[in-house]
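Descriptive structure summary
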Amino acid sequence: MEATHVHGAGHAHGDDHSHHPKGIMRWITTTNHKDIGTMYLWFSFAMFMVGGAMALIIRAELFQPGLQYVEPEFFNQMITLHGLIMVFGAIMPAFVGFANWMIPMMIGAPDMAFARMNNWSFWLLPPAGILLTASMFVPGGAAGTGWTLYPPLSIQMGIGMDMAIFAVHILGMSSIMGSINIVTTILNLRAPGMTLMRMPMFCWTWLITGYLLIAVMPVLAGAVTMILTDRHFGTSFFSAAGGGDPVLFQHIFWFFGHPEVYIIALPAFGVVSHVIPAFARKPLFGYTSMVYAIASIALISFIVWAHHMYVVGMPVAGQLYFMYATILIAVPTGVKVFNWVATMWRGSMTFETPMLFALGFLFLFTIGGFTGLVLSNTAVDVQLQDTYYVVAHFHYVMVAGALFSAFAAVYYWLPKWTGHMYDETLGKWHFWLSLISFNIAFFPQHFLGLAGMPRRIPDYALQFTDFNQVSTFGAFGFGLSQLLFLYVVLKTIRGGEKAAAKPWEGATGLEWTLPSPAPYHTFEEPPVLSEAKGHA
Amino acid sequence: MGINKKTQSCLAGIALMVWSRMALAAWEFNFQSPATKAAQTVIDLHNLMMIIIVVIFIGVFAVMFYSVFKHRKSRGHQAAQFHDNTMVEIAWTVVPLLILVAMAWPATKALLNMRDTSQADITIKATGYQWKWGYDYLKGEGEGIKFMSLTTTPADQIRGTAAKGGNYLLEVDRHVVVPVGKKIRMLTTATDVIHSWWVPALAVKQDAIPGYVRDTWFKAEKEGIFRGQCAELCGKDHAFMPIVVEVVSAEKYSQWVGEQKKQMAAAADEGGKTYSLNELMSRGEKVYAANCVACHQANGKGLPPAFPALDGSKLAKGPKKDHIAIVLNGKPNTAMAAYGGQLGDGDIAAVVTYERNAWGNKTGDMVQPADIQAARK
Amino acid sequence: MNKQRNADNRRVLVRMLVVAVLMFGFGYAMVPMYQKFCEVTGINNLLNADDPLRNTQVDTSRTVTVEFDANLHGLPWSFKPGQSSVEVHPGELVHVVYRVSNTRDHAVTGQAIPSYGPQLAAAHFRKLECFCFTRQTLGPGESREMPVVFVIDPALPEDVNTITLSYTFFEVAGTLAEPASKPARPGA
């Protein structure tokens with residue numbers, strides 16, 4: 001569908017920078033959704049590099065049995081910070097960045113609903129990132145508890161733990177503000193004629209993600225606050241001595257933690273639901289069922305949390321309930337995968353880099369989904385809980401799922417952002433290197449877990465050596481491949497073939513009616529949607 | 001196309017390397033050989049799920065790859081414009097649901113069996129400490145036996161200055177000995193943080209939670225030594241608190257119980273004995289290496305600020321009484337545990353003597369078991 | 001138009017903020033909810049005497065083995081059950097003792113936390129008298145015999161024939177624990 005009339009796109013360009021401060025102050029004071037989106041994306045990439053470096057330290061230590069490079073305490077700090085930074089610093093801000101850039105343009109809005117608050121929610125992130133990273137350098141080091149921060153271990157930690165708690169508070173506040181902004185924008189600022197069911201799928205996924213975030217980030221904030229008061233103010237929420245229960249923390253944490261998985265995955269689904277139709281030159285199959293599937297995944301995600309804690313010793317009735325509920329998630333997830341495949345069926349496909357990443361996402365995310373199904377089975381999970389099988393499973397979901405989809409999004413929208421086409425050859429190189437090295441890094445971890453290697457250990461028994469070496473080899477390959485990504489993006493920003501307003505033949509939606517690069521101010525007058533059927 | 005060729009040769013190189021390594025080493029890629037029916041059930045269940053999953057996976061991606069190869073623009077394929085089909089959508093919601101229900105059935109049966117801890121022959125309590133396991137035989141043959149089980153992998157193997165032994169990181173000084181074919185009920189608990197008692201070959205994994213007991217069970221079908229590890233991150237030496245279960249015949253078990261009882265009786269009336277400084281020092285060094293070295297380090301320098309130094313410390317050079325009290329009772333709100341319940345009088349006397357005379361602490365003090373017995377009052 | 005839109009936006013903002021605040025509260029509400037849930041299902045009824053069973057019928061056709069276990073959490077005490085196990089009939093009133101002594105030369109206060117294996121037994125294990133209902137203060141070198149009176153509910157599932165009652169004694173220091181004479185409600 002086409003917007004018949006686009007006001008304010010071209011002529012707004014003239015007064016862009018006239019009343020804006022220049023240099024660093026422009027970025028600090030900006031309330032422009034495109035500037036803020038850009039900052040989110042760069043912040044996310046920086047954190048991705050920091051978290052990635054930590055992952056490589058972990059993998060280097062695990063290259064051989066024995067302690068070679070780091071001490072166990074430091075190793076534990078690395079796994080903790082790697083987890084927190086990747087989840088809260090890299091993946092989540094990346095998708096908030098995409099939302100900032102694209103949602104106003106997709107729904108024909110001039111900016112986000114609360115432009116000033118948008119600025120705040122971004123600028124909370126760097127202090128939180130610094131707090132987390134700096135906690136490595138305080139006496140006692142960072143929290144060495146894993147990103148799950150389980151007490152009583154987290155009660156034993158030093159000041160680094162308090163810094164992590166404050167960082168989580170700040171990150172939580174930022175996410176809540178960000179998602180309120182996104183939800184309000186989607187609900188109130190849609191162009192006339194764009195009903196909810198005509199909205200682009202990315203907006204749908206973010207609408208639901210926004211609700212999820214608002215519902216669960218405060219719960220996490222509550223949980224870490226309880227740890228803080230247990231540590232310093234004599235409460236005993238999680239200490240049996242005072243009538244508390246350490247397992248209670250796990251319930252509260254995973255009540256947040258499981259929806260968090262979908263907070264990361266849903267926007268990724270959204271991106272893929274744009275990229276696949278664009279490159280198959282065919283509308284998305286089953287738009288309505290897709291919306292229902294997303295909504296039901298979000299709802300079910302609230303009632304399955306304890307499948308992360310099958311071996312804490314819950315009553316068998318609890319184990320059965322959580323097993324059945326978890327298995328149920330496979331149904332809507334399956335619907336989505338089938339819909340994507342049906343979208344490709346009898347299309348007219350080309351395989352530019354965004355499409356390759358979307359296909360990589362589909363293939364690998366499905367593997368991650370299936371191993372999730374294996375883990376949902378309580379009896380089998382008793383053997384696999386807290387092993388490398390779990391590590392492999394969630395990296396297939398988080399890296400091959402969310403990260404690959406983020407790469408697809410960057411390549412897909414980069415022409416719109418920069419006005420230049422990226423280097424297709426290098427983009428394909430980035431894809432193939434990432435795909436292969438990712439699988440070398442993480443596929444063997446399934447075997448390690450089955451054979452009985454626990455996770456979060458800096459040293460392991462000799463029979464696990466071979467697959468660990470392969471995995472480390474792959475991890476370094478994957479890490480280095482991302483430098484290529486940085487190079488491709490920088491090269492595109494600096495120049496390259498001029499991008500058309502709609503560089504992808506099959507792309508649909510309002511964002512492609514704007515010139516490339518998108519002007520500083522867009523849709524100051526809402527576009528008018530044609531009465532044609534179908535969604536934007 | 002150039003990229004594909006390069007990718008192919010790159011792939012071939014990796015495959016070759018992986019293959020040549022594979023021929024040399026044992027690549028453990030599946031569950032450990034099961035020693036209980038429950039472990040066998042888990043393997044069967046996993047195999048069943050893998051078959052279903054692989055079939056569905058191949059089905060779905062065969063369709064996708066067919067489409068990827070046939071329905072591409074470069075082959076001149078024209079895009080169809082359909083975007084809905086209610087019947088198909090209902091089918092691919094309902095059919096997976098049925099498959100899942102079919103999968104849940106055997107899973108439920110296996111789980112119910114796994115959790116049935118009734119009719120046990122022997123009850124053993126495993127207590128997680130940072131970073132070792134303690135065992136109490138609570139009920140059944142062997143009742144009253146209790147001991148600590150510590151890793152015996154030497155530091156120089158971990159640090160790479162000595163060749164690693166065959167059971168590297170999976171060896172302990174005292175095995176949990178149980179008779180074959182008897183139902184063993186395991187209670188787990190912990191004193192400091194959450195640990196998890198896991199032996200893969202027995203398909204037993206149960207978190208050990210401070211302040212609470214949890215229970216699980218196993219019945220070993222064959223004799224042998226089965227090794228596992230702590231499975232819940234519990235701090236610095238999480239990787240270094242292995243679990244070793246030794247399954248023996250009923251006769252051997254009775255014999256073992258007899259020996260243990262004798263040793264415990266001997267340890268109990270150690271209070272009357274006196275030892276020379278040399279005897280105390282050499283015994284103390286061993287006790288220190290097993291219990292203290294993880295935090296206070298072999299050189300007595302500790303890892304400040306969390307783990308203070310003993311070399312030259314006020315405590316080790318000050319009054320004997322305070323030193324003994326800390327070892328017996330621990331220090332609240334720190335990682336220093338109370339060893340009164342874990343070690344006998346002789347061991348505590350030896351280790352206190354060692355700490356007061358090792359490194360630069362040459363105080364010349366001797367502590368005898370009788371001193372410890374007195375301090376316990 | 002613009003004014004209207006701002007008002008709409010603000011309304012959504014306020015609603016969302018209310019939800020966020022409520023969910024923060026919900027995190028805390030999970031604490032008493034969890035406690036209540038555990039009490040109702042009997043998983044963790046820590047510090048209250050259970051109601052005695054009315055019209056108790058002793059079921060002599062069944063025998064249940066009750067094992068006793070004792071743990072210390074950083075306390076310089078000795079703490080042992082007076083008996084390692086007893087055989088009881090469901091419905092029968094049972095008296096047992098635990099022995100505790102303080103090895104330190106000053107008074108120490110401790111709080112015992114009971115726990116059961118298997119957990120589902122907890123709902124059917126009714127303690128009428130227990131040293132765990134209150135804190136215990138032991139003078140220097142003092143020893144004490146502490147009674148537990150309980151009855152096993154005949155509704156205990158048929159297949160449970162062994163129950164372990166395990167206590168862990170925690171030291172009550174100024175900062176460590178809260179008054180435990182009341183039902184525990186952490187943070188309240």
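All figures in this text were calculated on a predicted structure; none of them were measured in a lab.

Re the overall build of chain C
In terms of helices and strands, chain C carries one helix and nine strands. Going residue by residue from the N terminus, the α and β elements of chain C occur as α-β-β-β-β-β-β-β-β-β. The 188 residues of chain C split such that 40% are buried.

Points about the overall build of chain A
Counting its regular elements, chain A contains 16 helices and zero strands. The principal-axis extent of the C-alpha atoms belonging to chain A is close to 65 × 50 × 45 Å. Going through the 536 residues of chain A one by one, you find that 69% of them count as buried. Contacts in chain A between residues far apart in sequence, at least 24 positions, make up 84% of those at least 6 positions apart.

Remarks on the nonpolar core
Counting 336 residues, the largest nonpolar core has Ile91(A), Val272(A), Ala408(A) and Leu202(B) as the members making the most contacts within it. Among residues more than four places away in sequence, those in contact with Ile91(A) are Met86(A), Ile264(A), Met398(A), Ala402(A) and Leu403(A).

Focus: the interface of chain C and chain B
In many reports, interface size means the accessible area that the parts give up when they come together. If you look at the interface, chain C gives 25 residues, while chain B gives 28 residues. Of all the secondary-structure elements, those providing two or more residues to the side of chain C that touches chain B are strand 1 (64-73), strand 5 (108-117) and strand 9 (162-171) of chain C.

Some words on the domain arrangement of chain C
Entries for chain C in the domain assignment read domain 1 (1-40) and domain 2 (64-171). A C-alpha centroid distance of 42 Å is found between domain 1 of chain C and domain 2 of chain C.

Some thoughts on unusual backbone geometry
Residue Pro517(A) follows Ser516(A) across a cis peptide bond; omega there is -5°. Assignment of secondary structure puts Pro517(A) in the segment after helix 16 (465-494). Residues other than glycine seldom take positive phi values, yet Phe523(A) does so here, at roughly 50°. Within the fold, Phe523(A) resides in the segment after helix 16. Despite not being glycine, Gln297(B) has its phi angle at roughly 70°, a positive value. Turning to its location among the elements, Gln297(B) is positioned in the loop between helix 7 (293-296) and helix 8 (314-317).

Thoughts on the sheet that holds strand 4 (residues 93-102) of chain C
Within a sheet, neighbouring strands are paired by backbone hydrogen bonds and run either parallel or antiparallel to one another. All names here are of chain C. Read across the open sheet, the four strands follow the order 2-4-8-6; overall the sheet is antiparallel. Sheet topology places strand 2 (77-81) and strand 6 (125-130) at the edges, where each strand pairs with a single neighbour. Between one strand and the next, the sheet's axes are offset by a mean angle of 25°, whatever the strand orientation. When strand 6 meets strand 8 (residues 143-152), the two strands line up antiparallel, connected through five bridges. From the neighbouring strand, glutamate 129 faces strand 8, where its bridge partner is valine 149.

Concerning the interface of chain A and chain B
At the interface, 87 residues of chain A touch 85 residues of chain B. In terms of residues, the side of chain A that touches chain B owes the most to one element, helix 11 (residues 316-344) of chain A, which gives 14 residues. Taken together, the residues that form the side of chain A that touches chain B break down as 54 nonpolar, 24 polar and nine charged.

As for the pairing of strand 6 (residues 195-199) of chain B
Residues and elements named next belong to chain B. Most of strand 6 sits out of view: five of its five residues are buried. Burial along strand 6 is two-sided: His195, Trp197 and Val199 and Ser196 and Trp198, pointing in opposite directions, are all buried. Both strand 6 and strand 7 (residues 204-208) contribute to a ladder of five bridges, which runs antiparallel. Looking at strand 7, one finds that valine 199 is bridged to valine 204. Here strand 6 folds back onto strand 7, and the loop between the two strands holds four residues, one of which, alanine 203, carries a positive phi near 55°. When strand 6 meets strand 9 (residues 224-230), the two strands line up antiparallel, connected through two bridges.

Reading the values: the criteria
Residues numbered from 1 in each chain as written. Chains lettered and ligands numbered in written order. Predicted model: local features only at pLDDT ≥ 70, side-chain atom pairs only at ≥ 80, totals over all residues. Helix = DSSP H or I, 4+ residues; strand = E, 2+ residues; numbered from the N terminus. Buried ≥ 20, exposed ≤ 12 C-beta atoms within 10 Å, placed from the backbone. Contact = placed C-beta atoms within 7 Å. Core = buried A, V, L, I, M, F, W, Y, C linked by C-beta atoms within 7 Å. Domains from an automatic or database assignment. Pairing = 2+ DSSP bridges. Axes fitted to C-alpha atoms, helices over the stretch in contact; angles between N-to-C directions. Nonpolar A, V, L, I, M, F, W, Y, C, P; charged D, E, K, R; others polar.

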